[in-house]
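Listed below, chain by chain, are the residues.
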Amino acid sequence: MKDNHGLTLMELLVTLSLLAVISVVGISFFFIPNKAYDRIVVRNNLEDDVNSVLRRIADDIHSAIKPDYHTNAVEIYNSQGNISTSGNMMYIYGYYNKKYQKISYKYENGALYMGTIERDDAESIIKANVNANEYSEILRGVIGPDEAGDLFQDITVDPLKNDQRTISVNIIARDAEKNIVTSREKPLILTTRTKNSP
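Here goes a summary of the coordinates provided. (Residues numbered from 1 in each chain as written. Predicted model: local features only at pLDDT ≥ 70, side-chain atom pairs only at ≥ 80, totals over all residues. Heavy atoms only, no water.)

Before going further, it helps to spend a moment on the sheet that holds strand β10 (residues 188–191). Reading across from one edge, β3-β8-β9-β10 is the order of the four strands in this open sheet, with antiparallel pairing throughout. Two strands lie at the open edges of the sheet, namely β3 (86–87) and β10, each paired on one side alone. When strand β9 (residues 166–169) meets β10, the two strands line up antiparallel, connected through four bridges. Within the sheet, the bridge partner assigned to S168 lies in β10 and is I189. (Pairing = 2+ DSSP bridges. Helix = DSSP H or I, 4+ residues; strand = E, 2+ residues; numbered from the N terminus.)

This is how it looks when you write it as structure tokens:
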């Protein structure tokens, strides 16, 4: 019988191979849940961003007011720049601190922008346009009309007789890597609260 005082090279290689396999399996079990967690975090952040923008739009539409008797409190513009029932740009008129406001939301190149101007009288605010330098990006990764349809629609019943506007807002967004899409299944339906001009 021989006296055995150590491991053979073969035993050492088998042990190291088994240790390597166990390590790889163990590490993969650690990283797979982290990827799922990361996706959940990205989705939640994206949903929070979209919901924040929708709350802002809802506040503006709920407080919208007609600047005069001939102009609607909310106007939607199509891609040709004409007032329409459906489009990707919307003007919302308001009256705050004895000033008329025009708040504009517009979709452009995968992003949603917001711009605001103020004037002292109704006629000036109606004629004024929100200039490019008055817009700021409020949401990136917005899915455009070619995939999701127009962002804004005026769905007011009997719009010629009804001063109160009912607006459908359909904002769907993707993350920067374009892997995750917000889960909004139905558009948000909002109504102006008032029928009168100031």
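All right, on to the sheet that holds strand β1 (residues 74–77) then. Spatial strand order, β2-β1-β4-β5-β6-β7: six strands in an open sheet with antiparallel pairing. Since the sheet does not close on itself, it has two edges, and those belong to β2 (83–84) and β7 (135–140), each with one partner. Sheet analysis places β1 next to strand β4 (residues 89–96), joined by four bridges and oriented antiparallel. Bridge pairing in β4 links E75 to Y91.

Another point: the pairing of β1. The alternating pattern of β1 places V74 and I76 on one face and E75 and Y77 on the opposite face, and all of these are buried. The pairing of β1 with β2 spans two bridges and is antiparallel. Pairing of Y77 across the sheet is with I83, part of β2. With antiparallel pairing between neighbouring strands as the criterion, β1 and β2 make up a hairpin whose turn holds five residues, including G81 at a positive phi of roughly 85 degrees. (Buried < 20%, exposed > 50% of the residue type's maximum accessible area, 1.4 Å probe, protein only.)

Right, let's talk about the nonpolar core for a bit. Ranked by internal contacts, the top residues of the largest apolar core, which has 27 residues, are I57, I61, M90, L112, F152, V169 and I171. For this core, the secondary-structure elements that each account for two or more residues are α1 (9–62), β1, β4, β5 (99–108), β6 (111–119) and β9. For this core, the leading source of residues is α1, giving seven residues. If you look at the next biggest cluster of nonpolar residues, it comprises twelve residues, including Y91, Y93, I125 and A128. (Core = buried A, V, L, I, M, F, W, Y, C linked by side-chain atoms within 4.5 Å.)

One pass over the full model with this rule turns up two aromatic pairs. Measuring from centroid to centroid gives 5.1 Å for Y77 and Y91, while their planes differ by 65 degrees, and the two rings are edge-to-face. Separated by 14 residues along the polypeptide, Y77 in strand β1 and Y91 in strand β4 bring together distant segments of the chain. Judged by relative accessible area, Y77 falls into the buried class, the value being 14%. According to the relative accessible area criterion, Y91 is buried, its value standing at 5%. In this structure, K106 is placed above the aromatic ring of Y135, and the distance from its NZ or CZ to the ring centre is 4.2 Å. (Phe/Tyr/Trp six-rings, centres within 6.5 Å; stacked < 30°, edge-to-face > 60°. Lys NZ or Arg CZ within 6 Å of the ring centre and 35° of its normal.)

Enumeration according to the criterion identifies seven salt bridges in this entry. The salt bridge involving K99 is made with D120; its shortest N-O contact spans 2.7 Å. Taken as a pair, K99 in strand β5 and D120 in the loop between β6 and α2 (122–127) lie far apart in primary sequence, 21 residues in all. A relative accessible area of 55% places D120 in the exposed class. A salt bridge links E137 to R140; its shortest N-O distance comes to 3.0 Å. Overall, R140 belongs to the exposed group, its relative accessible area being 59%. (Salt bridge = Lys/Arg side-chain N within 4 Å of Asp/Glu carboxyl O.)

As a further point, take the side chain of S168. Topologically, S168 is positioned in strand β9. Filtering out sequence-adjacent residues up to four positions away, S168 remains in contact with L151, F152, Q153, I155, P187, L188 and I189. (Contact = heavy atoms within 4.5 Å.)

Glancing now at the pairing of β4. Across eight bridges, the pairing between β4 and β5 is antiparallel. Residue Y96 lies in a different strand from β5, and its bridge partner there is K99. Counted between consecutive antiparallel strands, the loop separating β4 from β5 contains two residues, among which N97 sits at a positive phi close to 50 degrees.

By themselves, these are just geometric observations and shouldn't be taken as functional.
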